[in-house]
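Chain by chain, the residues run as shown.
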Amino acid sequence: TETSSENLNDSQVTGEDDRTGLSIETLRRALADNLFYIQGKYPEIATLNDLYLALAYTVRDRLLTKWLNTVRTFTQPSDNTRVVCYLSGEFLVSPHLVNHLINLGIYDQVRQAVEESGLDFSQLVAQESEPGLGNGSNGGVSACYMDSLSTLEIPAIGYGIRYEFGVFKQEIQDGWQVEITDKWLQKGNPWEIVRPEAAVEVKFGGYTEGYTDEEGNYHATWVPHQVVKGIPYDTPISGYKVNTVNTLRLWKAEAPESFNFQAFNLGDYYGAVDQKVLSENITKVLYPNDEPIPGKQLRLEQQFFLVSCALQDMIRWHLKSGGNLENFPEKFAIQLNDTYPAIAIVELMRLLMDEHDIEWHDAWEITQKTFSYTNHTLLPETLEKWPVSWWGRLLPRHLEIIYEINRRFLEEVRNSNGRDGHKIARLSLIDETGERYVRMANLACLGSHSINGVTELHTELLTKDILGDFYELFPHKFSNKTNGVTPRRWLVQNNPGLTKLISEKIGEHWITHLDDLRQLEGFAHDGDFRYRWGQVKLDLKRSLAGHIQQRLGVTVNPESLFDVQVKPIHEYKRQHLNILHIVTLYHRIKQDPTVNIAPRTFIFAGKAAPGYFMAKLMIKLIHSVAEVINHDPDVGDRLKVVFLPDYNIANSQMLYPAADVSEQISTAGKEVSGTGNMKFSLNGALTIGTWDGANIEICQEVGEENFFRFGLSADEVYQRKAEGYNPWDYYYGNSQLKEIIDLIGSGHFADEDSTLFQPLIDSLLHQDQYMLFADYQSYIDCQDTISQAWCDRDRWLKMSIVNTARCGKFSSDRAIREYCDQIWHSSPVSIQLADYVQPQT
Ligand code: Z16
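The structure displayed is predicted, hence computed values, not measured ones.

For the chain, the count of helices and strands is 33 helices and 23 strands. Taken over the C-alpha trace, the chain has a radius of gyration of 28 Å; the compact-globule value for 841 residues is 28 Å, and the two agree within 12%. Here the C-alpha coordinates of the chain stretch approximately 90 × 75 × 60 Å along the principal axes. For the chain, the proportion of its 841 residues judged to be buried stands at 46%. A separation of at least 24 residues holds for 75% of the contacts in the chain among residues at least 6 apart in sequence.

What follows is the structure, given as structure tokens:
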């Protein structure tokens, strides 16, 4: 018997049917149908999650025509555009539902339909499990870039890993962080569509065989020990009020069926199942940051798995649509987000040479034309390198190719640059100072035609310092692309009140042309506008206060200054410097309970890497200080300190809009960019910041008079260290600092246990690697200036308005335009819905 899709044409479905219509009636009907037919539930027994899923499917159905038309347009052989392939180990997208409603322009009607069905819209929205597929702002930037690519109608695909467990959830017990597995897929994920038919095979281990032909060319065959299947899961990424809906393609590892054969024949059923479990381990879990390399062999496996899946996918697509591998770079621009996917350079070489018979020289040219690399770090300890012995075991053919790339490269360097042994050792892809490693950043630089940093300062330091040798060789490859964030998620979606106020004055064009916010500046002088601006902020602070009350049982005063530091917990980000300020204020009150202090609420949130003891101790310190301050009658409600557990996108969307002051206090030269700083400023918070990362550019945009700058510059930090920095000088030289340190050291915040915080205190006194003591006084003085400024409400509101008005630069749309023009050479393609791909009628 023959099945034919033509049978589908018999149905009586019409265009304005339950699946696509937008009238309230149709939306309500669709909700009810999806609950019944997809969830298999009727209202009386439906859980909140069932209802959320029914709603999600209702929205997804309204996305599919655009999505499939986008896919079809980009896969049509006739079109000549370059597809941007964004390779990243992290994509911190999420939550999808509200995002799509806004992008499709159907928020109001869907909300109304939900409410007229007797359901609580916000409650349903809150059901969405957040895909925590990232550690910090690196994954956040990938997500913003996907949003802008769609909004700007650039053909793009994001390739990543479908981690079964995303970044751990944080609970706090007795002030300590406890990690909980994030089972984000447990309740079903309505946003992904699995494509088993597009699976690819990824090889691991084994050995290589080779021969040299008559012309002296070497041909290699890789005989792997193991094969793993990569299954793609597609998630739609909609653009704002355009037809483009790009795809985020995330890969899951599975054992191939054939693999079980031998074990089955031997009757070893359990052995076969074990193998399956091992294969699937590859995409089980996202590694936290800041963990040491040993034990991370699985991370190397993940990296290879991702890039092999992605490249095979692109090549298959390219060949199927009539391309040949010589013109591969004309069709695809591959962006390497940090070194996580840098193995792609070697894998593409292998695929071209070993599987498609292209010679080295041509393969290398294709490779270099295809890739570009974004660096995101300046900390030498976070530059990835993988032991040569692991490569030998896992990726023997890749190791051969790396050696050959390196041999050719170093020979060229010796020929043209002389024989400076130190320089050659630094440039080498292999670190031979001890155990031998492959340096992933060096590989990424060599195999790409473009290398970029993510802020002006970062790019400058990159070219001077950690990639200086490469800069000397290839200055033309380097450029800066200052990071940006998407205004759709980080203003429109998380701050509807402010969005409405802004749009009332200047229209809605700013949502896709953020520079338009400049038009708001004039309104800073309008008293009525200032008042309303203040009221929006106050409302947001009230609702955050309500949340804090409910979640933590702490009462905070919405009229107090909300001073917020939310980001991963790390010594270089210096949450403990913030604590030193808090304790300083506390100390002032204790010395003179009548002292005049502008009331402040200090809000922290952030996760510490599970193995990073000092960061975990910082979390404990914040809680201990909070415990004492929040309960001291002398303090009253002048100071409150809260730590909001489990920092993630959903709760950060509540925090940025409610902040008055944004804490961006990293040691200068350490924070390559920061993106929270942009989100705060965009939402009208004023920054207290060091001269670091994107802070510098924010200050340049908003103006010195609207920015609170303190501390040493990156140059000064460098000089102090060179001169021999001694924290004891500051400790003995500043009696206030000494008193604060001694107070913490005495166990005052730890039930008189003077040992608890000793590791922190010792590290400050004996080393102070991140120079808290050097910046302490400047920080305190700057905070005092803030307190004064806060008292002049009108002036504060003016500064707040100006901050928002001048933040247009920090849109990810601007960043993506720069990448498109200068690196990817990709241009918009508008998606026509005229000749629909749609369900057949
Ligand atoms: C990450 O989020 C960043 C760097 C890195 O090496 C690894 C991860 Cl997961 C961050 C930077 O720390 C931050 O300054 C920057 O804003 C962000 O990458 C995006 O560029």
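What follows covers the nonpolar core. It is characteristic of soluble globular proteins that their nonpolar side chains tend to be buried jointly. Formed by 220 residues in total, the largest nonpolar core has its most connected members in C85, A344, I345, I622 and V625. With near-sequence residues (within four places) excluded, C85 lies in contact with I157, Y159, A310, M314, F332, A333, I334 and Q335.

Turning our eyes to something else, we now look at the domain arrangement of the chain. Each domain of the chain was delimited in the assignment, giving domain 1 (80-95 + 130-481) and domain 2 (506-822). With centres defined by C-alpha atoms, the gap from domain 1 to domain 2 works out at 35 Å. Taken residue by residue, the interface counts 44 residues in domain 1 and 42 residues in domain 2. Elements with a minimum of two residues in the side of domain 1 that touches domain 2: α6 (137-151), β3 (169-173), β4 (176-180) and α17 (456-464). Considered class by class, the residues forming the side of domain 1 that touches domain 2 number 18 nonpolar, 17 polar and nine charged.

To continue, consider the site of the ligand. What surrounds the ligand is a group of 18 residues, the closest being G136, S137, N138, T377 and S673. Taken together, the residues of the shell around the ligand break down into three nonpolar, 13 polar and two charged. The residues that make up the shell around the ligand include at least three from each of domain 1 (80-95 + 130-481) and domain 2 (506-822).

Next up on the list: unusual backbone geometry. Backbone geometry places D174, a non-glycine residue, at a positive phi of 55°. By secondary structure assignment, the location of D174 is in the loop between β3 and β4.

Of the residues in the chain, 95% have a pLDDT of 70 or more, and the chain-wide mean is 93. Every residue in residues 1-15 is under pLDDT 50, and counting partners more than four places away or in other chains gives six contacts.

This paragraph deals with the packing of helix α22 (residues 575-591) against helix α31 (residues 772-791). Running from amino to carboxyl end, α22 crosses α31 at an angle of 55°, the nearest separation of the two axes being 10 Å. Overall, the two elements α22 and α31 adopt an arrangement that is oblique. By crossing handedness, the relation of α22 to α31 is classed as right-handed. Here α22 contributes H576, L577, L580, H581 and T584 to the contact with α31, which in turn contributes L772, D775, Y776, Y779, I780 and Q783. Looking at the contact of α22 with α31 residue by residue, the classes come out as six nonpolar, four polar and one charged.

The buried fraction of strand β18 (residues 561-566) amounts to six of the six residues, a majority that puts the element mostly inside the structure. Where β18 and strand β19 (residues 600-605) come together, six bridges link them in parallel fashion. Of the residues in β19, the one forming a bridge with V564 is I603. The parallel pair β18 and β19 is bridged by α22, and the resulting crossover is right-handed. Two elements, β18 and strand β21 (residues 661-664), share two bridges in a ladder whose sense is parallel. Pairing of V564 across the sheet is with S662, part of β21.

To continue, consider α17. When we look at burial in α17, the residues that qualify are L457, H458, T459, L461 and L462. Each element contacted by the buried residues of α17 is listed here: β16 (450-453), β17 (478-480), α26 (693-702) and α27 (714-723).

Attention shifts here to the pairing of strand β7 (residues 207-212). Burial of β7 is sparse: only zero of the six residues sit out of reach of the surface. Pairing of β7 with strand β8 (residues 218-223) involves six bridges; the strand directions are antiparallel. By the bridge assignment for β8, E209 is matched with T221. Counted along the chain from β7 to the antiparallel partner β8, the turn is five residues long, and its residue G216 has a positive phi close to 85°.

The next subject is the sheet that holds strand β20 (residues 639-643). Taken in spatial order, the six strands line up as β20-β19-β18-β21-β22-β23 in an open sheet, and their pairing is parallel. Taken across any chain shown, the strands that pair with only one partner, and hence form the sheet edges, are β20 and β23 (708-709). When β21 meets strand β22 (residues 686-689), the two strands line up parallel, connected through four bridges. Looking across to β22, one finds that E663 is bridged to I688. Lying on the sheet, helix α24 (residues 649-658) is in contact with β18 and β19; it crosses β18 at an angle near 135°.

In contact at an axis separation of 9 Å, α6 and helix α33 (residues 812-824) are set at 75° when each is read in the N-to-C sense. Taken together, the axis directions place α6 and α33 in an arrangement best described as roughly perpendicular. Residues C144, Y145, D147, S148, L149 and T151 of α6 lie in contact with α33, whose contacting residues are S812, D813 and I816.

Now for the sheet that holds strand β15 (residues 437-439). Pairing is antiparallel across the open sheet formed by three strands, whose spatial order is β13-β15-β14. For this open sheet the edge positions go to β13 (385-387) and β14 (430-431), each flanked by a neighbour on one side alone. Both β14 and β15 contribute to a ladder of two bridges, which runs antiparallel. When the bridges of β15 are listed, D431 appears paired with Y437.

Let us now look at the environment of F773. Mapped onto the secondary structure, F773 falls in helix α31. Overall, the presence of 23 C-beta atoms within 10 Å leaves F773 in the buried class. For the pair F773 and C85, spaced 688 residues apart in sequence, the C-alpha to C-alpha distance is 45 Å. Sequence-distant contacts of F773, that is, excluding residues within four places in its chain, are made with P727, Y730, Y731, L737, L764 and D768.

The next point concerns the environment of R62. Following the sequence through the fold, R62 ends up in helix α2 (residues 48-75). As a C-alpha pair, R62 and C144 span 82 residues in sequence and 22 Å in three-dimensional space. Leaving out residues up to four positions away in the same chain, R62 has contacts with T20, L104 and I106.

Owing to its 3.6 residues per turn, the α-helix brings residues three or four apart onto one side. With eight of nine residues buried, helix α3 (residues 96-104) lies mostly within the body of the structure. Where α3 is concerned, the buried positions are H96, L97, V98, N99, H100, L101, I102 and N103. Summarising the contacts, the buried residues of α3 are in contact with α2, α4 (107-116), α5 (121-125), β9 (226-238) and α19 (487-493). Following α3 by one or two positions, G105 has its phi on the positive side, about 70°.

Bringing the environment of H422 into the picture now. You can see H422 is positioned in helix α15 (residues 421-427). Between the C-alpha atoms of H422 and C699, which are 277 residues apart in sequence, the distance is 39 Å.

Rules and cut-offs
- Residues numbered from 1 in each chain as written.
- Predicted model: local features only at pLDDT ≥ 70, side-chain atom pairs only at ≥ 80, totals over all residues.
- Helix = DSSP H or I, 4+ residues; strand = E, 2+ residues; numbered from the N terminus.
- Rg over C-alpha atoms; globule rule 2.2 N^0.38 Å.
- Buried ≥ 20, exposed ≤ 12 C-beta atoms within 10 Å, placed from the backbone.
- Contact = placed C-beta atoms within 7 Å.
- Core = buried A, V, L, I, M, F, W, Y, C linked by C-beta atoms within 7 Å.
- Domains from an automatic or database assignment.
- Nonpolar A, V, L, I, M, F, W, Y, C, P; charged D, E, K, R; others polar.
- Near = placed C-beta within 6 Å.
- pLDDT = per-residue confidence, 0-100.
- Axes fitted to C-alpha atoms, helices over the stretch in contact; angles between N-to-C directions.
- Parallel < 35°, antiparallel > 145°, perpendicular 65-115°, else oblique.
- Left-handed = near helix turned anticlockwise from the far one by under 90°.
- Pairing = 2+ DSSP bridges.
- Right-handed = clockwise from strand over helix to strand, strands pointing away.

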